[in-house]
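Structural description and commentary
Chain by chain, the residues run as shown.
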Amino acid sequence: MVDTAGLRAEQIEKAQQIVSSDDLGFTEPQWIAGVDVGFEEQGTITRAAIAVLSYPALELVEYQIARIPTSLPYIPGLLSFRECPALVAAWQQLKHKPQLVFVDGQGIAHPRRLGVASHFGLLVNVPTIGVAKSRLCGSHPPLADVVGALEPLMDKSEQIGWVWNSKPRCKPLYISLGHRISQETALSWVKRCMRSYRLPEPTRSADAIASRRPAFIRWQAEHPS
DNA sequence: GCGACAG
DNA sequence: ATCTTGTCGC
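What you see is a predicted model, and the numbers here were worked out from it, not measured in a lab.

A closer look at the side chain of His 119
Following the sequence through the fold, His 119 ends up in helix α3 (residues 116–124). In terms of polar contacts, His 119 uses its side chain to reach the side chain of Ser 80, at 2.7 Å. Residues contacting His 119, with those up to four places away along its chain left out, are Lys 14, Ser 80, Phe 81, Cys 84 and Leu 114.

What to know about the protein's contact with DNA strand B
The immediate surroundings of DNA strand B are formed by 18 residues, with Tyr 74, Gly 77, Lys 133, Ser 134 and Arg 135 found nearest. Looking at DNA strand B alone, sugar and phosphate atoms form 50% of those within 4 Å of the protein. Take Tyr 74: an N or O atom from its side chain is 2.5 Å from a phosphate oxygen of DNA strand B. The separation between a base nitrogen of DNA strand B and a polar main-chain atom of Leu 78 is 3.3 Å. Of the residues forming the surface near DNA strand B, the biggest block, three residues, is contributed by helix α2 (residues 79–93). Counted by class, the surface near DNA strand B contains seven nonpolar, five polar and six charged residues.

Some details on the UniProt feature "binding site: Mg(2+)" (unreviewed entry) in chain A
Within this numbering scheme, the UniProt entry marks Asp 36 and Asp 104 as carrying the feature "binding site: Mg(2+)" (unreviewed entry). Spanning 69 residues, the named residues nonetheless gather at one spot, since no C-alpha pair among them exceeds 5.7 Å. Inspection of the secondary structure assignment puts Asp 36 in strand β1 (residues 31–40). For Asp 36, a relative accessible area of 8% corresponds to the buried category. Discounting chain neighbours no more than four positions away, the residues touching Asp 36 are Arg 47, Ala 48, Ala 49, Leu 87, Asp 104, Ala 206, Asp 207 and Ala 210. Locating Asp 104 in the fold gives a position in strand β4 (residues 100–104). Of the residues examined, Asp 104 reaches a relative accessible area of 12% and is grouped as buried. Once you skip the residues sitting within four places of it in the chain, Asp 104 turns out to touch Val 35, Asp 36, Val 116, Val 131, Lys 133 and Thr 203.

Some details on the UniProt feature "site: Interaction with target DNA" (unreviewed entry) in chain A
Sequence positions flagged by UniProt for "site: Interaction with target DNA" (unreviewed entry) are, in local numbering, Tyr 74. Residue Tyr 74 is classed as exposed on the basis of its relative accessible area, which comes to 51%. Residues contacting Tyr 74, with those up to four places away along its chain left out, are Leu 79 and Arg 82.

Observations regarding the packing of aromatic side chains
The geometry of two aromatic rings is summed up by the distance between their centres and the angle between their planes. This structure, assessed with the given rule, holds six aromatic pairs. Here Tyr 63 and Phe 216 contribute two aromatic rings whose centre-to-centre distance is 5.1 Å and whose plane-to-plane angle is 90°, an arrangement assigned as edge-to-face. Of this pair, Tyr 63 sits in strand β3 (residues 60–69) while Phe 216 sits in helix α6 (residues 214–222), placing them 153 residues apart in sequence. By relative accessible area, which is 6% here, Phe 216 ends up buried. Consider the rings of Trp 91 and Phe 120, whose centres lie 5.9 Å apart with planes at 85°: the pair is edge-to-face.

Regarding the pattern of salt bridges
In this structure the tally under the stated criterion is 10 salt bridges. Across the pair Glu 10 and Lys 14 runs a salt bridge whose closest N-O atoms are separated by 2.9 Å. Pair noted here: Glu 10 and Lys 14 are both in helix α1 (residues 4–15), with a separation of four residues, about one helical turn. For Lys 133, the salt bridge is made with Asp 104, and the minimal N-O distance between the two is 3.0 Å. Here the residue Lys 133 occupies a position in the loop between β5 (128–132) and β6 (150–155), and Asp 104 occupies one in strand β4, the gap between them amounting to 29 residues. Take Lys 133: its relative accessible area is 36%, and that puts it in the partly exposed class.

Structural notes on the protein's contact with DNA strand C
The full set of residues close to DNA strand C is Gly 38, Phe 39, Lys 133, Arg 169 and Ser 211. Expressed as a percentage, the sugar and phosphate content of the atoms of DNA strand C within 4 Å of the protein is 100%. Interatomic distance of 3.3 Å between a side-chain N/O atom of Lys 133 and a phosphate oxygen of DNA strand C. In terms of residue class, the surface near DNA strand C is built from one nonpolar, two polar and two charged.

Parameters and conventions
Numbers given to residues run from 1 along each chain, matching the order in which its sequence is written. All chains are assigned letters beginning with A, and all ligands numbers beginning with 1, in the order in which they are written. Two thresholds apply to this predicted model, a pLDDT of at least 70 for residue-level local features and 80 or more for giving and counting side-chain atom pairs, whereas whole-chain, interface and lining totals are computed over all residues. The side-chain values count all of the structure's non-hydrogen atoms but skip hydrogen atoms and water molecules. We count a stretch as a helix when DSSP gives it H or I for four or more residues in a row; a strand needs E for two or more, and each element gets its number in order from the N terminus. In protein, a polar contact requires one atom able to donate a hydrogen and another able to accept it; more generally it is a pair of N or O atoms within 3.5 Å, and residues adjacent in sequence count only if both atoms are side-chain atoms. We call two residues in contact whenever any of their non-hydrogen atoms come within 4.5 Å of each other. Residues are classed as near a molecule or strand on a simple rule: at least one heavy atom within 4 Å of it. Amino acid classes used here: Ala, Val, Leu, Ile, Met, Phe, Trp, Tyr, Cys and Pro are nonpolar; Asp, Glu, Lys and Arg are charged; the rest, including Gly, are polar. UniProt positions are given in the numbering used here, feature names are shortened, and annotations may be inferred rather than shown by experiment. The cut-offs for exposure are 20% and 50% of the maximum accessible area for each residue type, with area from a 1.4 Å probe on protein chains only; residues under the lower value are buried, those over the upper are exposed, and the others partly exposed. Only the six-membered ring of Trp is used, alongside the rings of Phe and Tyr, when aromatic pairs are assigned; centres must lie within 6.5 Å, and planes under 30 degrees apart are stacked while those over 60 apart are edge-to-face, with the rest tilted. For this analysis, a salt bridge means a side-chain nitrogen from Lys or Arg found within 4 Å of a carboxyl oxygen belonging to Asp or Glu.

Have a look at this one:
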């Protein structure tokens, strides 16, 4: 089975290494990436995808896919151990190394402050932001029913992220710093990468590729190579 | 003890 | 996450 106690202990140690202040290494990034995973063969194969977009144009300039045997089932709180191996493999295939990465999942908005965005950022030493579609832990005041409504995501008295209405009539986004970025800066970069959809472009592109959405299949057909 | 629980 | 058609609302 899985040594969950050991993995949780590992998270507590690695969380100590997370840098929660701005250490971006850039003024204006040239490339921003989105990473996400999908599955094949009843989940036995994990398919990781990384979409590198130019900034500020937000156009896809490169993407890489890595397929790895799934080593762990999905266990709330231990998602990074299931997804990081494939994500790191895809990262190593990149020709264009992005200066900032958006990860589909939580950053420090995690029981032990090491969500997949933080764990991945630490493994490849790159600034990361966690953009999740639902909540893992923490609480927040009711969100006003208007676009742009924002509330801090709290755990006890500590702010671990933000809950933000990115689009009308859509569930909010749970945004938290992953690594080498402050929570304020993380939120500002998510806002700067929005293009009228619920999810920011880097995340949307990565999801389209990882899950083989029609949008990506079409893009692929139009771009020979 | 009971419920909650990223993807 | 993944399996999937139509359908409701802007």
